[in-house]
Amino acid sequence: LCISEAFPSCRLSVLSEQFSPNTTGDVAAGMLIPHTYPGTPIHVQKQWFKETFTYLFAISNSAEASEAGIHLVSGWQVFKTPPKDEVPFWSDIVLGFRPMSAAELQKFPQHRSGQAFTTLKCDCPPYLLWLEKRLRANGVQVHTRKVADLWELHREYDVVVNCTGIGAHQLGGDPELLPVRGQVLKVHAPWVKHFIRDGDGSTYVYPGIDSVTLGGTREKGSWSLSPDPGTTKDIFDRCRSLEPSLQRAQDVRVKVGLRPSRSSVRLQREVLSRGGAKLLVVHSYGHGAGGFSVHRGTAKEATRLVGECIAALQGSSSRAKL
Ligand SMILES: Cc1cc2nc3c(=O)[nH]c(=O)nc-3n(C[C@H](O)[C@H](O)[C@H](O)COP(=O)(O)OP(=O)(O)OC[C@H]3O[C@@H](n4cnc5c(N)ncnc54)[C@H](O)[C@@H]3O)c2cc1C
Ligand SMILES: O=C([O-])CC(=O)C(=O)O
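Naming follows an unreviewed UniProt entry, where the protein appears as D-aspartate oxidase of Anser cygnoides.

## Digging into the site of ligand 2
Residues in close proximity to ligand 2 include H35, R197, Y204, Y206, R218, R259 and A289, which together make up its full environment. Separating an oxygen atom of ligand 2 from a side-chain N or O atom of H35 is a distance of 3.0 Å. Here ligand 2 has 270 Å² of accessible area as a free molecule, and 87% of this is covered by the chains. The class makeup of the residues in the shell around ligand 2 is three nonpolar, one polar and three charged.

## Some thoughts on the nonpolar core
Counting 29 residues, the largest nonpolar core has L56, I70 and Y127 as its most contacted members. Listed by contribution, the elements that provide at least two residues to this core are α3 (42-60), β2 (70-79), β4 (113-122), α6 (124-137) and β9 (204-207). The element best represented in this core is α3, accounting for five residues. Discounting residues that sit within four places of it in the chain, L56 has contacts with L32, I70, L120, C122, Y127 and H295. Among the nonpolar cores identified, the runner-up in size contains 20 residues, and W76, V205, L214 and L246 belong to it.

## Focus: the sheet that holds strand β14 (residues 277-285)
Read from one edge of the open sheet, three strands run β6-β14-β13, paired in mixed fashion. Since the sheet does not close on itself, it has two edges, and those belong to β6 (159-162) and β13 (266-274), each with one partner. When strand polarity is set aside, the average angle formed by the axes of neighbouring strands in this sheet is 25°. The pairing of β6 with β14 spans four bridges and is classified as parallel. Bridge pairing in β14 places N162 opposite H283. Strand contacts of helix α9 (residues 291-315): β6, β13 and β14, with the helix running at about 30° to β13, the strand carrying the most contacts.

## Digging into the confidence of the model for the protein
Mean pLDDT for the protein: 96, with 98% of residues reaching 70 or above. For this predicted complex, the interface score ipTM comes out at 0.98, alongside a pTM of 0.96.

## Quick notes on the site of ligand 1
Every one of the 30 residues lining ligand 1 counts as a neighbour, but Q18, T24, V147, G288 and S293 are closest to it. Within the backbone of F292, one N or O atom sits 2.9 Å away from an oxygen atom of ligand 1. In the complex, the protein chains occlude 88% of the 1,000 Å² of accessible area that ligand 1 would expose alone. For the shell around ligand 1, the secondary structure elements donating two or more residues are α2 (24-27), β7 (178-188), β12 (250-261) and α9. The residue makeup of the shell around ligand 1, split by class, is ten nonpolar, 16 polar and four charged.

Cut-offs used in this document
Residues numbered from 1 in each chain as written. Chains lettered and ligands numbered in written order. Predicted model: local features only at pLDDT ≥ 70, side-chain atom pairs only at ≥ 80, totals over all residues. Heavy atoms only, no water. Near = heavy atom within 4 Å. Polar contact = N/O pair within 3.5 Å; in protein donor to acceptor, adjacent residues only side chain to side chain. Areas by Shrake-Rupley, 256 points an atom, 1.4 Å probe, with all protein chains shown as cover. Nonpolar A, V, L, I, M, F, W, Y, C, P; charged D, E, K, R; others polar. Core = buried A, V, L, I, M, F, W, Y, C linked by side-chain atoms within 4.5 Å. Buried < 20%, exposed > 50% of the residue type's maximum accessible area, 1.4 Å probe, protein only. Helix = DSSP H or I, 4+ residues; strand = E, 2+ residues; numbered from the N terminus. Contact = heavy atoms within 4.5 Å. Pairing = 2+ DSSP bridges. Axes fitted to C-alpha atoms, helices over the stretch in contact; angles between N-to-C directions. pLDDT = per-residue confidence, 0-100.

This is how it looks when you write it as structure tokens:
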């Protein structure tokens, strides 16, 4: 979408093996709470988060908010052991960040400290559908297609943006990219209005517009997309210990997704060449556990790299297919 906005005269197509509701993004809670990428400078991560927050805050404050599934949500991140970084790098981007009061902490007898703040949440299937609708409105072609090798696209396109999530493991042969399996439950509990996240990242309760996401698990290296019934019970028990009223939750649906994990998001240009022919590629994958939190910021960087590719093509003698 960002590319179609920046380069309206380019012919753009989205090729994807799966669309909503069958992507990793559809499993996610879609909370804007950044995860740290150890291989990326903090000021860059902060910029990505800030751009994303600003973009979604404007949507949440418009008539589009309910169709786009974007809303503000307030709550708490609680700690059994106080974190090293009491004031995280994103504290001045979310709204009203402050230490929890003693009265608030009474709700969490097993926790010693906490942070209260208001952030944004993307309700994932509606948000992905809203983005797709805007893509189509910008004249972008959308096709269901599995790409076996990026090179197969070289006759049809000048520039390929590889944003295939965990699919990039096979497509780009990137050994640094690993799945981190996550199982969550989506339940009906409309009385839950505040988010709760255990600061160690193990357990969370994230209320959305139509359902509450309960999590979670982080299983490094697991490729299994099958729900595990023992894990479902464990997640439910852990979430109930944070929010006892979940005992009455109904309509439990189990979802599993593979976080595309890497030490840093791969945002990089690459030129593939075979027998004198060339294909310009922009990689944008490896968003791990925090893809929603930084998606607009990393999309803007990918768009800048596409702009460099277009400039290179315009400077070369090859006949562009733009
Ligand atoms: C349980 C769980 C909870 C999460 N919660 C949050 C959260 O609260 N906040 C947050 O910020 N992030 C969260 N995330 C992380 C977030 O979901 C990911 O970072 C994000 O979905 C990555 O987006 P993506 O578009 O790169 O990959 P995906 O969502 O996996 O999309 C990749 C697309 O590429 C397509 N594709 C792949 N290979 C090919 C191929 N060879 N040919 C054609 N198409 C292909 C796929 O079909 C898919 O459509 C969570 C993830 C999980 C699993
Ligand atoms: O950790 C969280 O708060 C939710 C999340 O992003 C994940 O499970 O990947």
